[in-house]
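# Report on the structure
Next come the chains, spelled out residue by residue.
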Amino acid sequence: CKKDIKSGIVCLIATYEGKSSIAIGVTNDVYGMISILSDGKVDAVKSKISVNLSALKSDSSRRDQYVANNTLDTVNFPTADLVIKSIPDLPWPIPVSGNASFHIIADLTIRDVTKEIVWSTNVEFGEVIRGTSKANFQFEKFDLKIPKVFVVLSVDNDIRLQIDFEATINEQ
């Protein structure tokens, strides 16, 4: 079975004059699928999700431009790619209704650095599967420089990722 994925959010916690606020970059330019074999294990070869980083938008176009050009270098690395390796506590077979929480273990590539990330996932099963997967890490995990210019304020060393998704099951 395959799940088609549809949207993504990136959160950065920014501090200005001692006050914290959240800078949220959002994109709907997220595509890919998770392929699950008949035994409930992930087919990692076919399970990839890509996020178009150059499409991330926040409430500040200047900040977006700075982060795209300097932190993420989207000219050379336009996507963040997620290769799903396993979903060890996924209910199997996939229920036709109800809710579940589980972890997704995946290799995330940002720029030219790939690291394993564990995503906490909550889903509601039905004809369409709806859910949210969240992960967080520090900038240095992916050799990213913390933005330090006025247009992006000062940024805490924490990146929070969230993928809100709607998925359909396609049996093949």
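One structure accompanies this document, and this report is about it. Computed from a predicted structure; not experimentally measured.

Here the focus is the overall build of the protein. The helix and strand tally for the protein stands at one helix and ten strands. Burial statistics for the protein: of 172 residues in total, 46% are counted as buried. For the protein, the accessible surface area stands at approximately 9,300 Å², while carbon and sulfur atoms represent 50% of it.

We now examine helix 1 (residues 61–71). All of the buried residues along helix 1 are R63, D64, V67, A68 and T71. Angular distribution of buried residues about the axis of helix 1 spans 125°; they occupy a single face of the element. Residues of helix 1 that are exposed and point over 90 degrees away from its buried face: S61, R62 and Q65. Phi turns positive one or two residues past the end of helix 1, at D73, with a value near 50°.

With that out of the way, let us pick up unusual backbone geometry. With omega at -5°, the peptide bond leading from W92 into P93 counts as cis. Within the secondary structure, P93 sits in the loop between strand 6 (79–86) and strand 7 (98–110). Non-glycine residue D73 carries a positive phi angle of around 50°. Structurally, the position occupied by D73 is in the loop between helix 1 and strand 6. The class for D73 is buried, based on a relative accessible area of 17%. With phi around 60°, R111 is a residue other than glycine that occupies positive phi space. Within the secondary structure layout, R111 lies in the loop between strand 7 and strand 8 (113–125).

Let's shift gears to the side chain of D73. Buried and unpaired, D73 has R111 as its nearest opposite-charge partner, separated by 4.5 Å. When sequence neighbours within four positions are dropped, the list of residues in contact with D73 reads V67, A68 and R111.

The full count for this structure, using the stated rule, is four salt bridges. D59 is the partner of R63 in a salt bridge, and the nearest nitrogen-oxygen pair spans 2.1 Å. For the salt bridge of E166 with R130, the shortest nitrogen-to-oxygen distance reads 3.5 Å. Of this pair, E166 sits in strand 10 (residues 154–167) while R130 sits in strand 9 (residues 129–137), and the two are 36 residues apart along the sequence. On the basis of relative accessible area, R130 is assigned to the partly exposed category, the value being 42%.

Counting buried residues in strand 5 (residues 48–52) gives four out of five residues, a clear majority hidden from the surface. Of the strand pairs in this sheet, strand 4 (residues 30–35) and strand 5 are connected by four bridges, and their pairing is antiparallel. Each bridged residue has a counterpart across the sheet, and for Y31 the counterpart in strand 5 is S50.

In terms of nonpolar packing, the biggest core is built from 38 residues, with I84, L108 and W119 touching the most fellow members. Every element with two or more residues in this core is listed here: strand 4, strand 5, strand 6, strand 7, strand 8, strand 9 and strand 10. Examining the composition of this core, we find that six residues originate from one element, strand 7, more than from any other. Residue contacts for L108: discarding those within four places in its chain leaves A80, D81, L82, V113, T114, K115, I117, F137, F142 and L161.

Reading the values: rules and limits
Residues numbered from 1 in each chain as written. Predicted model: local features only at pLDDT ≥ 70, side-chain atom pairs only at ≥ 80, totals over all residues. Heavy atoms only, no water. Helix = DSSP H or I, 4+ residues; strand = E, 2+ residues; numbered from the N terminus. Buried < 20%, exposed > 50% of the residue type's maximum accessible area, 1.4 Å probe, protein only. Areas by Shrake-Rupley, 256 points an atom, 1.4 Å probe, with all protein chains shown as cover. Arc of directions from axis to C-beta. Lys, Arg positive; Asp, Glu negative; His and termini not counted. Salt bridge = Lys/Arg side-chain N within 4 Å of Asp/Glu carboxyl O. Contact = heavy atoms within 4.5 Å. Pairing = 2+ DSSP bridges. Core = buried A, V, L, I, M, F, W, Y, C linked by side-chain atoms within 4.5 Å.

What is shown is where atoms sit, not what they do.
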